[in-house]
Amino acid sequence: MSESAVGRVVVCRVGAERFALPITSVREIVAAPELTRIPGVSPAIRGVANVRGTLVTAVSGRLLLGSSGTEAGDWLLVLTMRD
């Protein structure tokens, strides 16, 4: 990531809460794709999606934060996992 990205953030919303994530942690933001459910996993795991040929796990921010509501969002925020 370039030096100009240092300190920049992506602001997203989960329910009524807003969060700022470092731009260096965000791989991309895509329109919510079709998800394939995984039997037997936590309800917080919404499923997996094919994003440009890579399978990514879609997680419900609302359920992780203890909020109610099961509706899916319009966007999928794809994060980069490091270490």
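1. Structural notes on the pairing of strand β2 (residues 17-22)
Phase 1: In the sheet, strand β1 (residues 9-14) pairs with β2 via six bridges, with the strands oriented antiparallel. Bridge pairing in β2 links Val10 to Leu21.

2. Describing the pairing of strand β4 (residues 45-51)
Phase 1: As judged from the six bridges shared by β4 and strand β5 (residues 54-59), these two strands associate in the antiparallel manner. Considered in β5, the bridge of Asn50 is made with Leu55.

3. Some remarks on the nonpolar core
Phase 1: Grouped together as the largest cluster of nonpolar side chains are seven residues: Val30, Ala49, Val51, Val56, Ala58, Leu76 and Val78.
Phase 2: Looking at this core, the elements that each hand over two or more residues are β4, β5 and β6 (75-79).
Phase 3: The contacts of Leu76, once residues within four sequence positions are left out, are Glu28, Ile29, Val30, Ala32, Pro33, Ala49, Val51, Val56 and Ala58.

4. Description of the layout of surface pockets
Phase 1: Computed from the structure, the largest pocket encloses a volume of approximately 1,200 Å³.
Phase 2: Listed by contribution, the elements that provide at least two residues to the lining of the largest pocket are β1, β2, β3 (26-31), β5, α1 (61-64) and β6.
Phase 3: Here the residues of the lining of the largest pocket sort into 21 nonpolar, six polar and six charged.

Conventions and cut-offs
- Numbers given to residues run from 1 along each chain, matching the order in which its sequence is written.
- Only residues with pLDDT of at least 70 get local features here, since the model is predicted, and only at 80 or more are side-chain atom pairs given and counted; chain-wide, interface and lining totals rely on the full set of residues.
- For side-chain calculations, the full set of non-hydrogen atoms in the structure is used, while hydrogens and water are omitted.
- Note on pairing: two strands pair once DSSP finds at least 2 bridges between them.
- By definition, any uninterrupted DSSP run of H or I lasting at least four residues is a helix, any uninterrupted run of E lasting at least two residues is a strand, and each is numbered from the N terminus.
- Grouping buried Ala, Val, Leu, Ile, Met, Phe, Trp, Tyr and Cys residues that are joined through side-chain atoms within 4.5 Å yields what is termed a nonpolar core.
- Residue burial is assigned from relative accessible area. The probe radius is 1.4 Å, only protein chains are included, and a residue is buried under 20% of its type maximum, exposed over 50%, and partly exposed in between.
- Here, two residues are considered to be in contact whenever any of their heavy atoms come within 4.5 Å of each other.
- Cavities and pockets are found on a 1 Å grid laid over the protein atoms alone: a cavity is a set of points where a 1.4 Å probe fits but cannot escape, a pocket is an open set with protein on both sides within 12 Å along at least five of seven lines, and a lining residue has an atom within 4 Å of such a point.
- Grid points are joined across faces, edges and corners, and a volume is the space filled by probe spheres set on the points.
- Polarity classes work like this: nonpolar for Ala, Val, Leu, Ile, Met, Phe, Trp, Tyr, Cys and Pro, charged for Asp, Glu, Lys and Arg, and polar for all others, with Gly in that last group.

Any link to function would need more than the numbers given here.
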